[in-house]
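Survey of secondary and tertiary structure
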Amino acid sequence: TNLWHFHFMGNRKLEGVAALLDHFPMSAQCHALHIFHHTTQGIHWKHQTNWNLQYWDMTVWYGVLTHNTSFVCELHLCKNGLQGCIPDCLHLLRHLQILDLRYNELYGVIPESFGHHLAELRILNLVGNRISSDLPASFRARASTLFIHI
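Since this is a predicted model, take the numbers as computed values, not measurements.

**Some thoughts on the confidence of the model for the protein**
- Per-chain confidence: the protein averages 83 in pLDDT, with 79% of residues scoring 70 or above.
- Note that pLDDT drops below 50 for residues 1-14; the model gives that stretch 23 contacts with residues more than four away or on any other chain.

**As for the environment of leucine 92**
- Structurally, leucine 92 is set in the loop between strand S3 (83-85) and strand S4 (98-100).
- According to the relative accessible area criterion, leucine 92 is buried, its value standing at 1%.
- Each C-alpha atom of the pair leucine 92 and cysteine 30 lies 9.8 Å from the other, and the pair is 62 residues apart in sequence.

**A word on the pattern of salt bridges**
- Using the criterion set out here, one finds 1 salt bridge in the structure.
- Across the pair aspartate 100 and arginine 102 runs a salt bridge, and its minimum N-O distance is 2.7 Å.
- The exposure class of aspartate 100 is buried, given its relative accessible area of 8%.

**Thoughts on the nonpolar core**
- Core analysis: the biggest nonpolar cluster contains 32 residues, and Leu33, Phe36, Trp51, Leu75, Leu90 and Leu99 have the highest contact counts within it.
- Every element with two or more residues in this core is listed here: helix H3 (25-39) and strand S2 (71-76).
- The greatest single-element share of this core, amounting to 5 residues, is contributed by H3.
- Beyond its immediate chain neighbours, meaning those up to four positions away, leucine 99 contacts Leu75, Leu90, Phe114, Leu121, Ile123, Leu124 and Asn125.

The rules behind these values
- Residues numbered from 1 in each chain as written.
- Predicted model: local features only at pLDDT ≥ 70, side-chain atom pairs only at ≥ 80, totals over all residues.
- Heavy atoms only, no water.
- pLDDT = per-residue confidence, 0-100.
- Contact = heavy atoms within 4.5 Å.
- Helix = DSSP H or I, 4+ residues; strand = E, 2+ residues; numbered from the N terminus.
- Buried < 20%, exposed > 50% of the residue type's maximum accessible area, 1.4 Å probe, protein only.
- Salt bridge = Lys/Arg side-chain N within 4 Å of Asp/Glu carboxyl O.
- Core = buried A, V, L, I, M, F, W, Y, C linked by side-chain atoms within 4.5 Å.

Rendered as structure tokens:
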């Protein structure tokens, strides 16, 4: 299946990708990150080393840290020229602990799915963007375990 097919066919396809996480965690996470790259104008990012469809080893992608090369645990893309809304697809990174997207050109809201699916998320840093300060209800119950800087 074409990578972009997952994004443009809506949440139904993304749920299908989520099911892949149990059997093919790296593949599903690569798809989620490629969708993220595409929807945030990755072609214009300042640093995008190894963020291409031909390179599946996420351990060497700029800004991506993995745990034992199996799961993305940190995403650091501060001051990197990201543009657009934060795509819902990042909720597929189930073991994500730090999401640092400071000082980019992102706008809109934090996807509700983040609070439901990113149970290990401890730091969400979105300062320097135009993100709504209204937190999704799914984050409110986690106020004591999650640092959010908007």
